[in-house]
Amino acid sequence: GRANIGVTGMAVMGSNLARNLASREGNTVAIHNRTTEKAERLAADHPDAGFVVARTAQDFADALARPRTAVIMVKAGAPTDAVINELADVFEPGDIIVDGGNADFRDTIRRERELRARGINFVGCGISGGEEGALLGPSLMPGGSAEGYATLGPILQTIAARAPEDGEPCVTHVGTDGAGHFVKMVHNGIEYADMQLIGEAYDLMRRILGMTPAEIADVFDEWNAGELDSYLIEITAQVLRQDDPRGGGPLIDKVLDAAGAKGTGSWTVQNALDLGVPVSGIAEAVFARSLSSDPARRAIGQELPGPERPVRVEDPRVFLADIRGALHAAKIIAYAQGFDEIAAGAGKYGWEIHPGEIARIWRAGCIIRARFLGTITQAYADDPGLVSLLGAPVFAESLGKAQQGWRRVVAAAVYSGVPVPAFATSLAYYDALRSPRLPAALTQLQRDFFGAHTYRRTDDEGSFHVLWSGDRSEVRES
Ligand code: NDP
């Protein structure tokens, strides 16, 4: 074998990943695709890359140095299973098969188990950054055996994005089997929340302050210089400044306001529900996209009454500062919730995941890349036992500074009839955690009343039940 790494699946992601690999010192890349012409065309288009084109799976196996290391970049689901099986039949024990597609982590757990039984190291690798990331440097989230990572890790380090702060490659051994794809899933959920929060900030400036898209772009540019510095804020400013190429004003005003989704955001929420972890910021972001894409209900909504006009803001500069603080605070909540889901997933599936490492590898290459992530890494470094990001002094302080303005923003939105589901739910989460007493005590008594589900007391051990339909005395449940 001549190549140290192979890529199969020559659609846009696989082609770009193969080109990225080939451009790095020390790599020789074998390429393969079900439809062979695509691999041949890529090699012909990029003669300098030195690609080794493999026509069959056997050719592919023969082209690779041992232990063979191959990345699969094909459609998630059944096609991925088909390609894994095809490779496993021609690979040998000790070889490494990497799935770089957007797999469901439970499929990754199953595939890893099946391939381990055949002696093959299977790695489920989350890849973020889209086409451009694949070509220039993605954030990589590989999960699998330590043995597989020993060979794969150094290769992945050659292509990963590098953090601007310290030049470190955005890749780490996330954990065993499905850990990488799980973390990639949560990344996408956080991405939904981040985008929704920015959308709400935009809507408040537009509808309450009456600002133009170009004026709002200037505000986002300004915010991008501070603690909100991030790729998403940066592209938001660019998008808002874009005029309709067909003429006649800002493009955003011509775009159908129905948001699409490919499903990873809802996976994040579904798994959070299963794990019992509130990820309310992410959930509201997913729901907001669904609502936007429901013309039937939105048509009904056009007939419903609301406030006549938005509230009058005394000092727009103060309100802008409030929005900025609210955005930062709600973002802290969304990330805290996402990291809670990662911790809960690690607990349930037996992964040893270092949250600070996850924040570290999200600092570049991926969609949620931001200065903020370095702060999260530092928070976990300062306190490796950190239960919630809200417990980190740096974030507690930011929340404390922002909370009054955050309330003014949510209140103004409510009075003005502007929906801010993510700002509002994150504030509710913050206040719920702050509350010394929650109405959950009432919930417990209701449950005991209709279902004899019992309750615990603050002043005694054990479980209790009231004889609601009898003499209403309390009995101790054994
Ligand atoms: P596609 O998801 O469109 O998949 C196309 C590739 O899959 C082609 O190479 C095709 O081969 C191959 N394929 C499909 N069915 C089979 C099969 N039954 N057997 C063998 N090969 C098959 O390609 P993308 O490049 O868009 O995405 C690749 C993976 O990366 C996907 O899992 C996707 O979800 C993920 N992805 C990740 C992104 C990210 O930002 N991380 C962005 C986009 C995608 P052929 O040419 O013969 O048809």
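Residues numbered from 1 in each chain as written. Predicted model: local features only at pLDDT ≥ 70, side-chain atom pairs only at ≥ 80, totals over all residues. Heavy atoms only, no water.

Per an unreviewed UniProt entry, the protein chain is named 6-phosphogluconate dehydrogenase, decarboxylating, and its organism is Naumannella cuiyingiana. Here the protein chain is described in UniProt, under the heading Subunit (unreviewed entry), as follows: "Homodimer." The record held by UniProt for the protein chain lists under Catalytic activity (unreviewed entry) the comment "6-phospho-D-gluconate + NADP(+) = D-ribulose 5-phosphate + CO2 + NADPH". (UniProt positions renumbered as here; feature names shortened; annotations may be inferred.)

A.B. asks: Help me out: how do you make sense of the site of the ligand in this one?
C.D. replies: Taken together, 20 residues surround the ligand, and among them N33, R34, T35, K38 and I127 come closest. Contact between the ligand and V12: an oxygen atom at 3.5 Å from a main-chain N or O atom of the residue. Protein burial of the ligand: of its 900 Å² of free accessible surface, 79% is covered by the chains. When contributions to the shell around the ligand are tallied by element, the ones reaching two or more residues are α1 (12-22) and α4 (78-90). Of the residues belonging to the shell around the ligand, the class tally is ten nonpolar, six polar and four charged. (Near = heavy atom within 4 Å. Polar contact = N/O pair within 3.5 Å; in protein donor to acceptor, adjacent residues only side chain to side chain. Areas by Shrake-Rupley, 256 points an atom, 1.4 Å probe, with all protein chains shown as cover. Helix = DSSP H or I, 4+ residues; strand = E, 2+ residues; numbered from the N terminus. Nonpolar A, V, L, I, M, F, W, Y, C, P; charged D, E, K, R; others polar.)

A.B. asks: Teacher, can you tell me more about a positive patch on the surface here?
C.D. replies: Residues R34, K38, R41 and K75 make up a contiguous surface patch of positive charge. Relative to the elements of secondary structure, R34 occurs in the loop between β2 (29-32) and α2 (36-45). (Patch = residues over 30% accessible without salt bridge, like charges linked within 9 Å, V, L, I, M, F, W, Y side chains within 5 Å. Salt bridge = Lys/Arg side-chain N within 4 Å of Asp/Glu carboxyl O. Lys, Arg positive; Asp, Glu negative; His and termini not counted. Charge placed at Lys NZ, Arg CZ, Asp CG, Glu CD.)

A.B. asks: Could you clarify how one ought to interpret the sheet that holds strand β6 (residues 121-128) in this entry?
C.D. replies: Each strand in a sheet pairs with another by means of backbone hydrogen bonds, the pair being arranged parallel or else antiparallel. One open sheet accounts for seven strands, arranged β3-β2-β1-β4-β5-β6-β7; its pairing is mixed. Of all the strands in the sheet, the pair left with one neighbour each is β3 (52-53) and β7 (139-143). Where helix α5 (residues 105-116) meets the sheet, it contacts β5 (96-99) and β6, and its direction lies at approximately 155° from that of β6. (Pairing = 2+ DSSP bridges. Contact = heavy atoms within 4.5 Å. Axes fitted to C-alpha atoms, helices over the stretch in contact; angles between N-to-C directions.)

A.B. asks: It is not clear to me how the UniProt feature "binding site: substrate" (unreviewed entry) in the protein chain should be interpreted in this structure. Could you clarify?
C.D. replies: Listed under "binding site: substrate" (unreviewed entry) in the UniProt record, and renumbered for this structure, are N102, S128, G129, G130, H187, N188, Y192, K262, R289, R447 and H453. Look at the named residues: they lie 352 residues apart in sequence, and the longest C-alpha span between them is 48.7 Å, so in the fold they stay spread out. Relative to the helices and strands, R289 is located in helix α12 (residues 280-292). With respect to the helices and strands, R447 occurs in helix α19 (residues 440-451).

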